[in-house]
Amino acid sequence: MLAPSTMVRRTALLLVFLTFFNNGHAASDEDFSNLAILSPTDNPDNMLKLRGEGGLGTPCFSDSACASGLYCFACPAAGASGFQPKCTRCRITPTSAFPKNTSLPFNKYAWLTTHNSFAIFGSPSESGVPIITFFNQEDSVLEQLNNGVRGLMLDMYDFRNDIWLCHSFRGVCYDFTAFRPASKTLAEIKTFLDSNPTEVITIFIEDYVTSPNGLTSLFSKAGLMKYWMPVAAMPSYGRLWPTLQTMIQRNHRLLVFTQNSTKEATEGVAFQWRYTTENQYGDDGMNNSSCLKRGGSPAMSDMSRSLIVQNYFPSNPNPINACKHNSDGLFKMLSTCYAASGNRWSNYIAVDFYKRSTGGGAFRALDRLNGQMECGCEDVTKTCTC
């Protein structure tokens, strides 16, 4: 019969293989429901914590071993140490929920944003044709919002006499690049806003909609206009935004930006680059030595734009490498873009597979940004003196 310590080691080795073939996510609670037989005589510093007490970085076998706001995840892309599943941040936790202070102007906060929020791995085909395109996320939009995401990047196209979310090319949506009608995702957003009266969401639309008044009609039918922040309430020329508290009180809890410069005048949808700067997306936006502007965006240092969007994801999304990308590289890029933006911190951090990291990930980056903007501290979850 195997000694308990040998059994632990062999079980851990089996878990490594299961974890690798499961794209880095540890097995479910059901898969390891019999792990309670592990001997309690093993070194407690190396043992799995079975009752949800595992803190950040604690070795684990399943999500139930980790404390609230954490899940059990391995990152083989980070090297040999990454094969050991550890408790990793997966959402805003009660101890670090932000913002507690709503008195600052809106442009003095940072928000986690998902790139191609709708391009969800495993999405069923709603066009009747298998989806053959890139995937960038793994949770539904509602799950993303519940986990603390507050910025959504959505690609909208005219398709089948409706507006669909597609991950396509050359401005045309095809059956095999179509994910779902946009109205279904907007319904998830409405559900969240209805249930969370103090939360604010920003939508960035990569806009290929040509139907007259297509966007305003879409949002009206979705019942979202009651949350819509009108262009008239948005400050231009780099001025401070209303405070977050004011926006909540006025129910201006949905900001919608389009990359189509004509629709601010024709439909009242804010032209993104009148209010934001944005760095280059893809591989060129992941070079920590520079923070280049995206084509179409004003210069990162343009002070007449008061919101800064920072992209950090590769040209070809990769769920295996995402945990490495969303860790130290992302954290270092914060300072690079700060300098390029005229010593201003980014307001939106856009990533792929937002929960994947070697530990704190995009949530840790967010804590730093909000700490810096609130009072110059390294982590908003820590006590700091302003």
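The structure we're discussing is the one just above.
Remember, it's a predicted structure, so these values are computed and weren't measured experimentally.

Let us now look at the overall build of the chain. Helix and strand content of the chain: eight helices and 12 strands. By the burial criterion, 53% of the 386 residues in the chain qualify as buried. Across the chain, contacts joining residues at least 24 apart in sequence account for 66% of those joining residues at least 6 apart. Accessible surface, the chain: about 16,800 Å² in total, of which carbon and sulfur atoms supply 53%.

Once that is clear, we can look at the nonpolar core. The biggest cluster of nonpolar side chains holds 53 residues, and the ones touching the most others in it are Met156, Ile189, Ile201, Ile203, Phe219, Leu224 and Leu254. Among the elements that make up this core, the one with the highest residue count is helix H8 (residues 361–375) (six residues). Apart from residues lying up to four places away in sequence, Leu254 is in contact with Leu193, Ile201, Ile203, Phe219, Leu224, Tyr227, Trp228 and Met229.

Now for the packing of helix H7 (residues 322–340) against H8. Across the interface, H7 lies against H8 with an axial gap of 8 Å and an inter-helix angle of 25 degrees. With respect to H8, the element H7 is oriented roughly parallel. Like other packed secondary-structure pairs, H7 and H8 cross with a definite hand, here right-handed. Facing H7, whose interface residues are Asn326, Asp328, Leu330, Phe331, Leu334 and Ser335, H8 presents Gly361, Ala362, Arg364, Ala365, Arg368 and Leu369.

This part is about the pattern of salt bridges. In this structure the tally under the stated criterion is 15 salt bridges. Note that Lys190 and Asp194 form a salt bridge whose closest N and O atoms lie 2.7 Å from each other. Residue Lys190 and its partner Asp194 are both found in helix H3 (residues 182–195); the two are separated by four residues, about one turn of the helix. Its relative accessible area of 22% is what places Lys190 among the partly exposed residues. One connected set of salt bridges, linked through shared partners, spans Glu126, Arg180, Lys184 and Glu188.

Turning next to the state of the cysteines. A complete count under the given rule lists five disulfides for this structure. Disulfide pairing places Cys60 opposite Cys72 at an S-S distance of 2.1 Å. Handedness of the Cys60-Cys72 disulfide follows from its S-S torsion of about 100 degrees: it is right-handed. Placement of the pair is Cys60 in the loop between helix H1 (4–21) and strand S1 (70–73) and Cys72 in strand S1, with a sequence separation of 12 residues. Taken individually, Cys60 and Cys72 each receive the classification buried, so the pair is uniform in this respect. Residue Cys166 pairs covalently with Cys173 via a disulfide, S to S 1.9 Å.

Once that is clear, we can look at H8. Taking 1.5 Å of rise per residue, 15 residues should cover 21 Å, and H8 covers 22 Å from first to last C-alpha, within 8% of that figure. Across the 15 residues that make up H8, a large majority, 13, are buried. Trailing H8 by a residue or two, Gly376 shows a phi angle of about 75 degrees, which is positive.

Before going further, it helps to spend a moment on unusual backbone geometry. Although it is not a glycine, Asn213 sits at a positive phi angle of roughly 55 degrees. Within the secondary structure, Asn213 sits in the loop between strand S7 (201–208) and helix H4 (214–221).

With that out of the way, let us pick up the side chain of Gln137. Along the polypeptide, Gln137 turns up in the loop between strand S3 (111–114) and helix H2 (141–146). Polar contacts involving the side chain of Gln137 include one to the main-chain carbonyl oxygen of His115, which spans 2.9 Å. Those residues in contact with Gln137, other than ones at most four positions away along the chain, are Thr114, His115, Asn116, Ser117, Ala119, Ile120, Phe121, Gln144, Val351, Asp352, Phe353 and Tyr354.

Within the fold, Thr266 resides in helix H6 (residues 263–267). Taking the C-alpha atoms as reference points, Thr266 and Asn213, 53 residues apart in sequence, are found 7.8 Å from one another. In this structure the side chain of Thr266 is engaged in a polar contact, spanning 3.2 Å, whose partner is the backbone oxygen of Thr262.

It is worth spelling out the side chain of Gln272 at this point. Topologically, Gln272 is positioned in the loop between strand S9 (270–271) and strand S10 (276–278). For Gln272, a relative accessible area of 1% translates into the label buried.

Let's shift gears to H3. Along its 14 residues, H3 runs 20 Å from first to last C-alpha, staying within 8% of the 20 Å computed at 1.5 Å per residue. Residues of H3 that are buried include every one of Ala182, Thr185, Leu186, Glu188, Ile189, Phe192 and Leu193, and no others. The buried residues of H3 all sit within an arc of 150 degrees when viewed along its axis, so they share a single face.

A separate point is the packing of aromatic side chains. Per the stated rule, a full pass over the model turns up 19 aromatic pairs. Their ring planes at 45 degrees and their centres at 5.8 Å tell us that Phe106 and Trp241 sit as a pair that is tilted. You can see Phe106 sitting in the loop between strand S2 (86–89) and S3 and its partner Trp241 sitting in the loop between H4 and helix H5 (244–249), a full 135 residues away along the chain. In this structure Phe106 comes out as buried when scored by relative accessible area, which is 1%. The interplanar angle of 25 degrees and the centroid separation of 4.5 Å between the aromatic rings of Tyr157 and Tyr208 together place this pair among those described as stacked. Here the residue Tyr157 occupies a position in strand S4 (residues 151–159), and Tyr208 occupies one in strand S7, the gap between them amounting to 51 residues. A relative accessible area of 29% places Tyr208 in the partly exposed class. By the ring-pair criterion, three or more aromatic residues cluster together here, those being Phe106, Tyr109, Trp111, Phe204, Trp241, Phe257, Tyr275 and Tyr348. The ring of Tyr71 is capped by Lys355, whose NZ or CZ atom sits 5.2 Å from the centre of that ring. Positioned above the aromatic ring of Phe331, the side-chain terminus of Arg364 is 3.7 Å from the ring centre.

The rules we used
Residues numbered from 1 in each chain as written. Predicted model: local features only at pLDDT ≥ 70, side-chain atom pairs only at ≥ 80, totals over all residues. Heavy atoms only, no water. Helix = DSSP H or I, 4+ residues; strand = E, 2+ residues; numbered from the N terminus. Buried < 20%, exposed > 50% of the residue type's maximum accessible area, 1.4 Å probe, protein only. Contact = heavy atoms within 4.5 Å. Areas by Shrake-Rupley, 256 points an atom, 1.4 Å probe, with all protein chains shown as cover. Core = buried A, V, L, I, M, F, W, Y, C linked by side-chain atoms within 4.5 Å. Axes fitted to C-alpha atoms, helices over the stretch in contact; angles between N-to-C directions. Parallel < 35°, antiparallel > 145°, perpendicular 65-115°, else oblique. Left-handed = near helix turned anticlockwise from the far one by under 90°. Salt bridge = Lys/Arg side-chain N within 4 Å of Asp/Glu carboxyl O. Disulfide = S-S within 2.5 Å. Expected span 1.5 Å × (residues − 1). Polar contact = N/O pair within 3.5 Å; in protein donor to acceptor, adjacent residues only side chain to side chain. Arc of directions from axis to C-beta. Phe/Tyr/Trp six-rings, centres within 6.5 Å; stacked < 30°, edge-to-face > 60°. Lys NZ or Arg CZ within 6 Å of the ring centre and 35° of its normal.

Geometric descriptors of this kind do not, in isolation, establish any biological role.
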